[in-house]
Amino acid sequence: MHLNWTALGQVAAVSVGVTVAVVVVFALGVLGLARLEGAREHPGGTSAMGLGQAALCFLTCAAVVAYGIYLIVPHFHPGR
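Our subject in this report is the structure included herewith. Each chain has its residues counted from 1, following the order in which its sequence is written. Note on the predicted model: pLDDT of at least 70 is required for a residue's local features to be given, and 80 or more for side-chain atom pairs to be given and counted; whole-chain, interface and lining totals, by contrast, use all residues. Processing note: side-chain calculations cover all non-hydrogen atoms of the structure and skip hydrogens and water entirely.

**A look at the side chain of Gln 53**
Line of reasoning, step 1. Relative to the helices and strands, Gln 53 is located in helix H2 (residues 47-72).
Line of reasoning, step 2. Pairing of N or O atoms within 3.5 Å defines a polar contact, subject to two protein rules: one partner must be a possible hydrogen donor and the other a possible acceptor, and residues neighboring in sequence count only if both atoms are side-chain atoms. Within the structure, Gln 53 has its side chain in polar contact with the backbone oxygen of Leu 28 (distance 2.9 Å).
Line of reasoning, step 3. In contact with Gln 53, not counting residues within four places along its chain, are Leu 28, Leu 31, Gly 32 and Arg 35. Helix and strand assignments come from DSSP, with helices taken as H or I runs of at least 4 residues and strands as E runs of at least 2, each series counted from the N terminus. Between two residues, a contact is recorded if the distance between any of their heavy atoms is within 4.5 Å.

**As for the packing of helix H1 (residues 5-41) against H2**
Line of reasoning, step 1. Each axis is a line fitted through C-alpha atoms, and for a helix only the stretch in contact is used; angles between axes span 0 to 180 degrees, taken between their N-to-C directions. Orientation of H1 relative to H2, taken along the N-to-C sense of each, is 155 degrees, at an axis distance of 7 Å. Between H1 and H2, the crossing angle belongs to the class labelled roughly antiparallel. When you trace H1 past H2, the crossing you get is left-handed.
Line of reasoning, step 2. Residues belonging to the contact of H1 with H2 are distributed by class as follows: 16 nonpolar, six polar and one charged. Working rule for angles: under 35 degrees goes down as roughly parallel, over 145 as roughly antiparallel, 65 to 115 as roughly perpendicular, anything else as oblique. Throughout, a crossing is termed right-handed when the near helix is turned clockwise from the far one, and left-handed when it is turned anticlockwise from it by less than a right angle. Throughout, the ten residues Ala, Val, Leu, Ile, Met, Phe, Trp, Tyr, Cys and Pro are labelled nonpolar, Asp, Glu, Lys and Arg are labelled charged, and all others, Gly among them, are labelled polar.

**Thoughts on the side chain of His 77**
Line of reasoning, step 1. When you line up the elements, His 77 lands in the segment after H2.
Line of reasoning, step 2. Between buried and exposed lies partly exposed: a residue is buried under 20% and exposed over 50% of the maximum accessible area for its type, with that area taken using a 1.4 Å probe on protein chains only. Accessibility expressed as a relative area gives 15% for His 77, which makes it buried.
Line of reasoning, step 3. Of the polar contacts made by the side chain of His 77, one reaches the backbone oxygen of Tyr 70; its length is 2.8 Å.

Don't take any of this as a statement about function, it's just geometry.
What follows is the structure in structure tokens.
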């Protein structure tokens, strides 16, 4: 039995990289929600910016999760 260690290392590196990226984007989404709450406590703040940041970050996280599910579930790959 032969293991392709290079391919295994590439898969591990990409997995760790994507995981860190998703966690950072999710944290930025939480930061956007905190800015939204801060703007509500102090009148005159821009709540739209925090809401937009949170929405964009959470939609990005959802898209990454949906793509991962698409890659894993063979039913979504017609013709195979």
